4 protein chains.
Amino acid sequence: MGTKRIKRVLLNGCEAAADSAIAAGCKFYAGYPITPQNRFPEYMSRRLPEEGGIFIQAESEVSAINMVFGAAVAGVRAMTSSSSPGISLKQEGISYLAGCELPAVIINMNRGGPGLGDVTPSQSDYFQSTRGGGHGDYRTVVLAPWSVQELYDLTYLAFDIADRYRNPVVVLADGMIALTYEPVRFKKKRKKLPLKKWALTGCKGRKPNSIKSLFLTPGVLETHNWKLARKYERIEKREVRFSTYFCDDMDFLIVSFGTCARIVKESIEEARKEGIKVGLFRPITLWPFPYRELSEYLERAKKVLVVELNLGQMIDDVKIAAKSDKRIFFYGRPGGGVPTPLEILKEIKKR
Amino acid sequence: MGTKRIKRVLLNGCEAAADSAIAAGCKFYAGYPITPQNRFPEYMSRRLPEEGGIFIQAESEVSAINMVFGAAVAGVRAMTSSSSPGISLKQEGISYLAGCELPAVIINMNRGGPGLGDVTPSQSDYFQSTRGGGHGDYRTVVLAPWSVQELYDLTYLAFDIADRYRNPVVVLADGMIALTYEPVRFKKKRKKLPLKKWALTGCKGRKPNSIKSLFLTPGVLETHNWKLARKYERIEKREVRFSTYFCDDMDFLIVSFGTCARIVKESIEEARKEGIKVGLFRPITLWPFPYRELSEYLERAKKVLVVELNLGQMIDDVKIAAKSDKRIFFYGRPGGGVPTPLEILKEIKKR
Amino acid sequence: MGTKRIKRVLLNGCEAAADSAIAAGCKFYAGYPITPQNRFPEYMSRRLPEEGGIFIQAESEVSAINMVFGAAVAGVRAMTSSSSPGISLKQEGISYLAGCELPAVIINMNRGGPGLGDVTPSQSDYFQSTRGGGHGDYRTVVLAPWSVQELYDLTYLAFDIADRYRNPVVVLADGMIALTYEPVRFKKKRKKLPLKKWALTGCKGRKPNSIKSLFLTPGVLETHNWKLARKYERIEKREVRFSTYFCDDMDFLIVSFGTCARIVKESIEEARKEGIKVGLFRPITLWPFPYRELSEYLERAKKVLVVELNLGQMIDDVKIAAKSDKRIFFYGRPGGGVPTPLEILKEIKKR
Amino acid sequence: MGTKRIKRVLLNGCEAAADSAIAAGCKFYAGYPITPQNRFPEYMSRRLPEEGGIFIQAESEVSAINMVFGAAVAGVRAMTSSSSPGISLKQEGISYLAGCELPAVIINMNRGGPGLGDVTPSQSDYFQSTRGGGHGDYRTVVLAPWSVQELYDLTYLAFDIADRYRNPVVVLADGMIALTYEPVRFKKKRKKLPLKKWALTGCKGRKPNSIKSLFLTPGVLETHNWKLARKYERIEKREVRFSTYFCDDMDFLIVSFGTCARIVKESIEEARKEGIKVGLFRPITLWPFPYRELSEYLERAKKVLVVELNLGQMIDDVKIAAKSDKRIFFYGRPGGGVPTPLEILKEIKKR
């Protein structure tokens, strides 16, 4: 009779994300080296030209994001990647992308900070990603994968969301996902990309397009910002993503995302063996944050623990989601510290 | 008998802040031009050398913040100023300052964003200032003046706080305060500045100091981050500042900061004439945010309205402060829009 | 019987040079805008990608030449173009190309200098081109066309010479040739390019190559420089190019190059009508300079006049070529001044 | 009765040049680190602020020369220093200084080139210094010391010449002088500096000054260049400097400059012991070159040998100076090679 075999390839996170970007039709990459995401540009520099795309190692992080701006203006699926300090340098450029309503994908392999920090996994760029590290009232969609496969899938999705809303999308991963090898199932290569009537592609036979974020005539910037606000509302309505685990009979809820949630899941499996009814709520979109959805789970829980690889950042959003005056516990380890499942288990029992 | 006359000088916000920095003992300024804060460097370029300080117009915003880093390392009271896009470019440098525990003062004359936006007053950099626009688990103290005098006073204070905690301090104002002229009462010029034993001043006769944010030995970055965390807790305990107006009999609370709060105050005066018992809670430190203090006022209010010159950013902190499931209303106008007192009054009546 | 028709296309100098580079197999261009050579990159930005090449508008002149360095290291036919101030910024990079023995073509559309000067034709970069404006004992081959067709031909040749000797080649033209339209006969597109065993193309299955100009081990730099010296001697023997006009019965010799020689030729035609036996010696390679060849013509002349669009630069080489103590007259007009044929004729009669 | 004691201080070349600059009234230095001149900025960074001057380590060589431009425009005695590759990067800036007629002093501690080369002494930047490595018809005065004392004296003189003619002056030394320690006699500190009516110092009560090198109105750039030409003629008349040694009865003339001439002098002393009547002509100003003066010595010599630490650059000027068809021999060693007196003696005997 035959069995349908699904082909999977062993890749690390950087390679998976790069292959995903190419499958999604990305034709332009500009970046600047920084550990622990260097395998991404290294792999991309080889693969992208093979697919007819352009790879540029820019002179600086600031250059790289502005080159992405240029490619996006021209209607090309474009991206950059970096790690924490490099992403900080790109904040002006990201604000410009958002202000000009340009689609682009930015991968941040979060390392330990602040400053140079170290190259270990961390989630300390949550605030930066979800609250516009750059200036102005803009939002970037933030996708937080917890496995190499999900990194692949969300990178692919990121290009679609970016184009759908003409907005930059951040994929927030970390050094652990970047360098771990896991089997990955590929998506089909995008054949047809969305038509971008707004792009600056030369205006023979049509009226010229204009893309800008400078609006000096009184009132125009405000109008523009209200338009952005309505777009953000649409995104909040349509693009929220999250997962739950063991939540059917849960009375102790852990909220965690990305790599950290994966460790938490192991802790929960252990806790369950001991009869503790712990469940996991994992936001996949950090913005738009699943306030409404989480809110319901919070209502059902007697105890709530937020676990992050930082000093407490997503906890702000959990508090915002919480309707009643429930005490929300926090367990986290900042830059460089990655807890074991047992450490988290101990924390569960303590509460 | 004689009357004690207090001398006041008519200055715009930029000039006031510059004079305050000099009175506070600032001896180093590096910046890069951007409207609407250009009068600050213009004035400083003249005044600072007269006081034996060094003024540098750097080649870029990125250069400027790194020059401030260099001066701070050497133990000098140092500062920079800019406006929104310029501040975005400085995010990596600010993260480095925080990671290296270096005191520095950064003035942001918030303009309309995102991207180039316009040069009108705005409060759309609230998130960026309070949630580390840069990477990593760091915090900057954020001071939000609502008048030229307060801008003077808070700039002076900023240098003291920066030195006390070895941490960057942001003064978040806007183009309105920057360019408005108001009479200012001067503070005495600081004679004696705190001794900085940690500074890199040459190590003749003592052990060398070391200042860095790169910690590659496993565990060291985490230890460093916990040390930062404890410092941030101390700041949260000691440095919270806020003001309230008409709150004795209030049952309708408005939360607003900076320029916007000043407009709100006028609206409240009108509302009071009509018998509506509106009060104003004005955070002066945006970080540390007065959660506990605001929480008590929120409890007493039947209705809560947050007013900001943006699409809703501080409202996150108000929600975090709110213990019960109180509905919190928002009124704001994004980049470029400044409401009149009457508009806000209408909003009050609507609720 | 039939007539063989040679197809010629009307192009300006910039377009001709760009088409020639493409025909010669150039696959990489990096540059930065400066008048009067902007039509070159503008045209190239369209044409080069059509031919599978890469066009980059770099962030600065310094970036551009270093990108060319990178492409040349990889074995690709690479080039840049600019005008005087831009070429000055590239001097370090050109010295690096020469020191590393890398082929590359640099087009200088000489404008009036020094400093910003103006955008009129000039020959004031003769010294810079022929005496290594950069540091160290290096030489670049310098080709000086006097027509659009010759600009086409010499650009094509430049790539061959560059590869043959692994050395940068400068094409020194000016704004007049850059913007004049003349019919151009095309060369065949190069099918087969020279194999570059020395290039850094990945070293699978062979020993790694190394390309560098830093030689810190005592004696090694000197050995390297002697090797360069022998190469320059070979170039001096084989690559000298020049033209003469009306020299059979000449007793008054004018030495002139490029655009200026073309004006001189008209003056000579006029002078001949009046019975003055003037001839023209036109160096086409400014380095290697045709010392020996010119020397013979100088011997035959009773009077010698050097005419340049500058204050007297090539005249140094004419003096070096002159064996006897012959007085050599000079006529020139610096940056911005272009003499008419009649002005030069007057100068001829004066001597 | 007492003896007048002249105080001399043991200094290396870098320190001597720095002290000389300060004595000459230099108040502004901007530079960027490169071996073998790093002791210069290191020493200057300490000494200059003590004298009320400003020391800036710029972000790049390009920045440094443009900062010097800024200081010179303001009428301040300003300088930079570097070594070969760094000087190449400054060529655009030097052309701008010359075009704008701005006084400035540039010290080049010539290292072995081209490219990165090595850090040994070399004279391979002769062409670059004397033939405007930058674009356009400009000249810089070039002073070539052969001892630490002369480096001190010529640096002092450089500032005077720069101001007298409003022109950049290059001091061309090398790593040997830079790092050799010799006793130095100090000059008196300049009390009164020349008044600079042309400087941009604020125009209260007078008509504004204008300093620029961009002249787009037809004819104006040419007029400006003729003005420069007349200035260069004045310099050629007044500022030629050279020394001769053992030339009274000489019939074998060696022409050599800087460090190399010092080695040659030793060779000559040896040759003289053997009865060979060798003399030395040492140009001190490489531009203006002592053509006329050298010419007379060349006439008297039966044999001429040019000795340089390069592959033959000054020999061009010697050939230009030579009136008759005398064969001029050359002995040189390129980047990294420094001959011993005996090697040169052997060369003398060979001819």
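Residues numbered from 1 in each chain as written. Chains lettered and ligands numbered in written order. Predicted model: local features only at pLDDT ≥ 70, side-chain atom pairs only at ≥ 80, totals over all residues. Heavy atoms only, no water.

## Quick word on the overall build of chain A
When helices and strands are counted, chain A shows 13 helices and 15 strands. Relative to a compact globule of 351 residues, whose C-alpha radius of gyration would be 20 Å, chain A shows 21 Å and is just as compact. Its C-alpha atoms give chain A principal-axis dimensions of roughly 70 × 60 × 50 Å. Looking at chain A residue by residue over its 351 residues, the buried ones come to 64%. In chain A, of all internal contacts separated by at least 6 residues, the share reaching a separation of at least 24 is 79%. Counting every atom, chain A has about 13,700 Å² of accessible surface; 53% of that belongs to carbon and sulfur. (Helix = DSSP H or I, 4+ residues; strand = E, 2+ residues; numbered from the N terminus. Rg over C-alpha atoms; globule rule 2.2 N^0.38 Å. Buried < 20%, exposed > 50% of the residue type's maximum accessible area, 1.4 Å probe, protein only. Contact = heavy atoms within 4.5 Å. Areas by Shrake-Rupley, 256 points an atom, 1.4 Å probe, with all protein chains shown as cover.)

## Some remarks on the arrangement of the chains
Taking C-alpha atoms only, the smallest gap left between chain B and chain C, which are not in contact, amounts to 14 Å. Separated without contact, chain A and chain D have their nearest C-alpha atoms at a distance of 14 Å.

## Description of helix H11 (residues 291–300) of chain A
Turning to H11(A), its buried residues are Glu293(A), Leu294(A), Ser295(A), Tyr297(A) and Leu298(A). On the buried face of H11(A), the contacting elements are strand E10 (242–245), strand E11 (252–255), strand E12 (278–283), strand E14 (303–308) and helix H12 (314–321) of chain A.

## What to know about the pattern of salt bridges
Throughout the structure, instances matching the rule amount to 112 salt bridges over all chains. Among the salt bridges present, the one from Asp160(C) reaches Arg77(C), with a minimum N-O distance of 3.0 Å. In this pair, Asp160(C) sits in helix H7 (residues 148–165) while Arg77(C) sits in the loop between helix H3 (61–73) and strand E4 (78–82), placing the two residues 83 residues apart along the sequence. For the residue pair Asp160(C) and Arg77(C), the accessibility class agrees, reading buried in each case. One continuous salt-bridge network, built from bridges that share partners, spans Asp19(A), Arg47(A), Glu50(A), Glu51(A) and Lys189(A). (Salt bridge = Lys/Arg side-chain N within 4 Å of Asp/Glu carboxyl O.)

## Topic: the interface of chain A and chain B
Many authors give the size of an interface as the accessible area that is lost as the parts come together. Between chain A and chain B, the residue contacts involve 57 residues of the former and 57 residues of the latter. Around 4,800 Å² of area is buried between chain A and chain B when both sides are counted, 59% of it from carbon and sulfur atoms. Among the residues chain A hides against chain B, the three largest losses belong to Pro114(A), His135(A) and Asp137(A). Together they make up 15% of the total. The salt bridge partner of Arg131(B) is Asp316(A), with a shortest N-O separation of 2.6 Å. Taken together, chain A and chain B are joined by 28 residue pairs in polar contact (both at pLDDT 80 or more). (Buried area = accessible area lost by both parts, 1.4 Å probe. Polar contact = N/O pair within 3.5 Å; in protein donor to acceptor, adjacent residues only side chain to side chain.)

## Brief notes about the packing of aromatic side chains
In this structure the tally under the stated criterion is 36 aromatic pairs over all chains. Taking 5.6 Å as the distance between ring centres and 40° as the angle between the ring planes, the aromatic pair formed by Tyr29(D) and Phe40(D) counts as tilted. Of the two residues, Tyr29(D) sits in strand E2 (residues 28–31) while Phe40(D) sits in helix H2 (residues 39–50), which places them 11 residues apart along the sequence. Taken as a pair, Tyr29(D) and Phe40(D) share a single burial class, namely buried. The side chain of Arg131(B) reaches across the aromatic face of Phe127(A), ending 5.3 Å from its centre. Geometry around Trp146(B) places Arg282(B) over its ring, the cationic atom sitting 4.0 Å from the centre. (Phe/Tyr/Trp six-rings, centres within 6.5 Å; stacked < 30°, edge-to-face > 60°. Lys NZ or Arg CZ within 6 Å of the ring centre and 35° of its normal.)

## Quick notes on the sheet that holds E12(A)
All names here are of chain A. As summarised here, the arrangement of the 5 strands in space is E10-E12-E11-E14-E15, forming an open sheet in which the pairing is mixed. The two strands at the open ends of the sheet, each matched to only one other strand, are E10 and strand E15 (328–332). Going across the sheet, the axis of each strand differs from the next one's by a mean of 20°, ignoring polarity. One ladder, built from 4 bridges, connects E10 with E12; its direction is antiparallel. Across the sheet, residue Thr244 finds its bridge partner in E12, namely Phe281. Sheet strands in contact with helix H10 (residues 258–273) are E10, E11, E12 and E14, and its direction is about 170° off that of E12. (Pairing = 2+ DSSP bridges. Axes fitted to C-alpha atoms, helices over the stretch in contact; angles between N-to-C directions.)

## Quick look at the packing of helix H10 (residues 258–273) of chain D against helix H13 (residues 341–350) of chain D
Residue and element names in this part refer to chain D. The N-to-C vectors of H10 and H13 enclose an angle of 60°; their axes lie 8 Å apart at closest approach. With respect to each other, H10 and H13 are oriented oblique. Judged by the twist between their axes, the crossing of H10 over H13 is right-handed. Mapping the contact onto sequence places Ile263, Val264, Glu266, Ser267, Glu270 and Ala271 in H10 and Pro341, Ile344, Leu345 and Ile348 in H13. Taken together, the residues that form the contact of H10 with H13 break down as 7 nonpolar, 1 polar and 2 charged. (Parallel < 35°, antiparallel > 145°, perpendicular 65-115°, else oblique. Left-handed = near helix turned anticlockwise from the far one by under 90°. Nonpolar A, V, L, I, M, F, W, Y, C, P; charged D, E, K, R; others polar.)

## Remarks on the environment of Leu89(A)
All names here are of chain A. Residue position: Leu89 is located in helix H4 (residues 84–89). A relative accessible area of 13% means that Leu89 is categorised as buried. With 45 residues separating them in the primary sequence, Leu89 and Gly134 have C-alpha atoms 9.6 Å apart.

## Considerations on the environment of Asn209(A)
Residue and element names in this part refer to chain A. Inspection of the secondary structure assignment puts Asn209 in the loop between strand E9 (181–185) and helix H9 (220–238). Measuring from C-alpha to C-alpha, the distance between Asn209 and Lys197 comes to 8.5 Å, with 12 residues separating the pair along the chain. A polar side-chain atom of Asn209 sits 2.8 Å from the main-chain carbonyl oxygen of Ala199.

## Considerations on the relation of the copies chain A and chain B
Taken as rigid bodies, chain A and chain B are interconverted by a rotation of 180° and an axial shift of 0.0 Å, the fit giving an RMSD of 0.0 Å. Taken together, the rotation and translation describe the operation of a two-fold axis. Using C-alpha coordinates, one finds that chain A approaches the rotation axis most closely at Gly133(A), a distance of 1.8 Å. The residues that chain A uses at the interface reappear at the interface of chain B in 100% of cases, marking a shared surface. (Least-squares fit on C-alpha atoms with pLDDT ≥ 70 in both.)

## Thoughts on a nonpolar patch on the surface
On the surface, a cluster of nonpolar side chains totalling about 290 Å² of accessible area is made up of Leu116(C), Val119(C), Leu214(D) and Leu216(D). Looking at where Leu214(D) falls in the secondary structure, it is placed in the loop between strand E9 (181–185) and helix H9 (220–238). By relative accessible area, Leu214(D) is classed as partly exposed at 30%. (Patch = residues over 30% accessible without salt bridge, like charges linked within 9 Å, V, L, I, M, F, W, Y side chains within 5 Å.)

## Here we look at the nonpolar core
One finds Met44(B), Met79(B), Leu253(B), Met44(D), Met79(D) and Leu253(D) to be the most contacted residues of the largest nonpolar core, which totals 190 residues. Each residue touching Leu253(B), except ones within four places of it in the same chain, is listed here: Cys247(B), Gly279(B), Leu280(B), Phe281(B), Leu294(B), Tyr297(B), Leu298(B), Ala301(B), Lys303(B), Val304(B) and Leu305(B). (Core = buried A, V, L, I, M, F, W, Y, C linked by side-chain atoms within 4.5 Å.)

## Examining the confidence of the model for chain A
Here chain A averages 95 in pLDDT, while 99% of its residues score no lower than 70. With pTM at 0.87, the complex prediction returns an ipTM value of 0.96. (pLDDT = per-residue confidence, 0-100.)

## What to know about unusual backbone geometry
Residues Trp287(B) and Pro288(B) are joined by a peptide bond in cis, for which omega reads -5°. With respect to the helices and strands, Pro288(B) occurs in the loop between strand E13 (285–287) and helix H11 (291–300). The backbone of Glu101(C) sits at a positive phi, close to 55°, despite the residue not being glycine. Relative to the helices and strands, Glu101(C) is located in the loop between helix H5 (91–99) and strand E5 (104–112). Judged by relative accessible area, Glu101(C) falls into the buried class, the value being 7%.

## Here we look at a positive patch on the surface
A cluster of like positive charges, contributed by Arg230(A), Arg234(A), Lys237(A) and Arg238(A), occupies part of the molecular surface. Looking at where Lys237(A) falls in the secondary structure, it is placed in helix H9. (Lys, Arg positive; Asp, Glu negative; His and termini not counted. Charge placed at Lys NZ, Arg CZ, Asp CG, Glu CD.)

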